[in-house]
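A look at the structure
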Amino acid sequence: MKKTVLNDAHRKAGAKMVDFGGWDMPINYGSQIEEHHAVRQHVGMFDVSHMTVIDIQGPEATEFLYHLLANDITKLNINQALYSTMLNHEGGVIDDLITYKISDTSYRVVVNAGTREKDLAWFEKEIAEFDAFMIEQDDTAIIAVQGPKAIETLQPLIDLDLSELKRFYATHNEIMFVGRTGYTGEDGVELIVPSEAAAALWQKLIEAGVKPCGLGARDTLRLEAGMHLYGQDMDENITPLECGLGWTLRKENQEFNGAEALQALREAGINKKLIGLVLEGRGVLRHDQTLIDDEGHQGIITSGGYSPSTEKAIAMAVVDKGMNADSVQVQIRNKKLPCRIVKLPFVRNGKSMIED
Amino acid sequence: MSYVPDNLKYTASHEWLEDLGEGVYRVGITEFAQAQLGDIVFVELPEMDESYAQEDECGVVESVKTASDIYAPLVGTITAINDALEDTPELINDSPFDDGWIFEMKIDDDADLGSLLSAEDYRNSIADEE
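Residues numbered from 1 in each chain as written. Chains lettered and ligands numbered in written order. Predicted model: local features only at pLDDT ≥ 70, side-chain atom pairs only at ≥ 80, totals over all residues.

1. A closer look at the overall build of chain B
Helix and strand counts for chain B stand at 4 helices and 9 strands. Helices and strands appear in chain B in the N-to-C order β-β-β-α-β-β-β-β-β-α-α-β-α. Relative to a compact globule of 130 residues, whose C-alpha radius of gyration would be 14 Å, chain B shows 14 Å and is just as compact. Counting all 130 residues of chain B, 42% fall into the buried class. (Helix = DSSP H or I, 4+ residues; strand = E, 2+ residues; numbered from the N terminus. Rg over C-alpha atoms; globule rule 2.2 N^0.38 Å. Buried ≥ 20, exposed ≤ 12 C-beta atoms within 10 Å, placed from the backbone.)

2. Some thoughts on the overall build of chain A
A count of helices and strands for chain A gives 8 helices and 21 strands. A compact globule built from 356 residues would reach a C-alpha radius of gyration of about 21 Å, and chain A, at 20 Å, matches this within 12%. If you line up chain A on its principal axes, its C-alpha atoms span 60 × 50 × 40 Å. Burial status across chain A gives 43% buried among its 356 residues. Of the contacts formed within chain A by residues at least 6 apart in sequence, a portion of 67% connects residues at least 24 apart. (Contact = placed C-beta atoms within 7 Å.)

3. Considerations on the domain arrangement of chain A
Residues and elements named next belong to chain A. Examined at the domain level, chain A breaks down into domain 1 (1-226) and domain 2 (271-352). Computed over C-alpha atoms only, the centres of domain 1 and domain 2 are separated by 29 Å. Facing 13 residues of domain 1, the contacting portion of domain 2 comprises 15 residues. Of the residues forming the side of domain 1 that touches domain 2, the biggest block, 5 residues, is contributed by helix α2 (residues 32-41). Class assignment for the residues of the side of domain 1 that touches domain 2 results in 4 nonpolar, 6 polar and 3 charged. (Domains from an automatic or database assignment. Nonpolar A, V, L, I, M, F, W, Y, C, P; charged D, E, K, R; others polar.)

4. Regarding the sheet that holds strand β8 (residues 76-81) of chain B
Residue and element names in this part refer to chain B. Ordered in space as β1-β2-β3-β9-β8-β5, the 6 strands form an open sheet in which the pairing is antiparallel. The open sheet terminates on both sides in strands that have one partner only, identified here as β1 (9-10) and β5 (51-52). Sheet topology places β8 next to strand β9 (residues 103-107); 5 bridges connect them, and they run antiparallel. Of the residues in β9, the one forming a bridge with Thr 77 is Lys 106. (Pairing = 2+ DSSP bridges.)

5. Regarding the interface of chain B and chain A
With 8 residues of chain B at the interface, the matching set in chain A holds 12 residues. Of the residues contributing to the side of chain B that touches chain A, the split by class is 4 nonpolar, 1 polar and 3 charged.

6. Focus on helix α8 (residues 259-268) of chain A
For an α-helix, 3.6 residues make a turn, and residues three or four places apart therefore share a direction. Within α8 of chain A, only 1 of the 10 residues are buried, which leaves it mostly out in the open. Directly beyond the C-terminal end of α8 of chain A, a positive phi value near 110 degrees is found at Gly 269 of chain A.

7. Here we look at the confidence of the model for chain B
Low-pLDDT portions of the prediction should not be read for the details of their coordinates. Residues with a pLDDT of 70 or more make up 99% of chain B, whose mean pLDDT is 94. For this predicted complex, the interface confidence reaches an ipTM of 0.84, while the overall pTM sits at 0.94. (pLDDT = per-residue confidence, 0-100.)

8. What to know about unusual backbone geometry
In the segment running from Leu 344 of chain A into Pro 345 of chain A, the intervening peptide bond is cis, with an omega of 0 degrees. With respect to the helices and strands, the residue Pro 345 of chain A is situated in the loop between β19 (335-342) and β20 (347-348). Positive phi is not limited to glycine here, since Glu 311 of chain A has a value of about 55 degrees. Within the secondary structure layout, Glu 311 of chain A lies in the loop between β16 (298-307) and β17 (312-320). Although it is not a glycine, Glu 55 of chain B adopts a positive phi angle of roughly 75 degrees. With respect to the helices and strands, Glu 55 of chain B occurs in the loop between β5 and β6 (57-63). Note on Glu 55 of chain B: 15 C-beta atoms within 10 Å, which makes it partly exposed.

9. With respect to the packing of α2 of chain A against helix α7 (residues 215-224) of chain A
All names here are of chain A. Across the interface, α2 lies against α7 with an axial gap of 8 Å and an inter-helix angle of 55 degrees. Of the possible angle classes, the one that applies to α2 and α7 is oblique. Note on packing geometry: the crossing formed by α2 with α7 is right-handed. Seen from α2, the contacting residues are Gln 32, Glu 35, His 36 and Val 39; seen from α7, they are Gly 216, Ala 217, Thr 220 and Leu 221. Taken together, the residues that form the contact of α2 with α7 break down as 3 nonpolar, 4 polar and 1 charged. (Axes fitted to C-alpha atoms, helices over the stretch in contact; angles between N-to-C directions. Parallel < 35°, antiparallel > 145°, perpendicular 65-115°, else oblique. Left-handed = near helix turned anticlockwise from the far one by under 90°.)

10. Considering α7 of chain A
Residues and elements named next belong to chain A. Summarising burial for α7: 8 of the 10 residues are buried, a large majority. The secondary structure elements touched by the buried residues of α7 are β2 (23-28), α2, β3 (44-47), β16, β17 and β20. Just past α7, the residue Gly 226 takes up positive phi, approximately 70 degrees.

11. A word on the pairing of strand β4 (residues 52-57) of chain A
On any regular strand, side chains alternate: one points to one face of the sheet, the next to the other face. All names here are of chain A. As defined by bridge partners, β4 adjoins strand β7 (residues 106-111) across 6 bridges and the pair is classed as antiparallel. In the sheet register, Ile 54 faces β7, and the bridge partner there is Val 109. Sheet topology note: the β4/strand β8 (residues 133-136) ladder contains 4 bridges and is antiparallel. Bridge assignment links Ile 56 to a residue of β8, and that residue is Met 134.

This is the structure:
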């Protein structure tokens, strides 16, 4: 099994380790719920070094990414970040990723761990037509420091000035790359550092009061924030238009991979949508539970779980477009239980957004 | 090593049983089981006065990670349920052998007790997983 450079630190801290797509990763260090609350109320950190960092450089780096990605790379300022999907020719989602613009000819892309091989293969195939090249940065570690106290806790420990760093922007020096991004719905940063510097930085963060958090808390935090998880909330068999990612598609100049398929779908009619759900009674919503309303509309929960911040069972689900909000029910074991459709996110900046 | 009290009986599916006398047994899940599940957030209790066959599903314990069925360890009828778990399911994490008990049942046949594990047998059965 693959290990990140922080593997020893996790084991020494008493982490419960699991096989996460071939990586030996911490699921929690004791209580997942305590870790979740640390990020919502204070500051926590995650080792996400299993994710893949790819630098794209060359005179046509921008043209390449404009072709590859369904969002608009050309609207980025220097050091700005962009969330986008990468689509196949049928409009299905190959992956979702963050791209940072370093300069007009240089970009940094961070893709999911579980999709690494197919992403690299797709990049390689698509980049051939452009005067650009890619470099996988495989000797780096990524630490996400997240929570309302993230910036003030981190600032004294590093040389970069974070006071002017806006959300969804990055700053960097020779050894550290800091993006004010994350996957929790809280303020925070993602730090990309050389592997050899990671363990010392992790230790300094612990000493500064940052709580190590496992991938379990990362999942409940991102679900509360209404953020998609690749492989659950979308994959190659669904388009962004059907799973709540239409907002990431650029409106102008539709010459990206998958654009034609999306246009055909728009003309034929989009029959599915992504919704937020709250269980009215007691229980827990889970991935793959089915939904039905009194008119026969159906749906399936793509991500579900217990929300520590709202103390409710919440879920994201892909449903038939006409799903009746007043009669939607979830099948849990042998029971049908009423649910409520709510706007995403469930939690923003530490506060529940679910209306009573 | 998980704590496995000597005075209880166990099942391979990680339930414990405490003999309350007169054929009534109190049932919960072990410390090992709660640690495996992680933070427990919901418990579906069996119905009072309901009868179950051995190994019938009679409830569910759900953690942040997963849902896990609870099985009736013996043939019998439910005589008490731990209502406190409805609002405070984390009692199972905090006190699996005491405040986190789940239900009590009156068993139909003492002969069924032979199928249960001793503390030592149960310790051996989980030794490989720890």
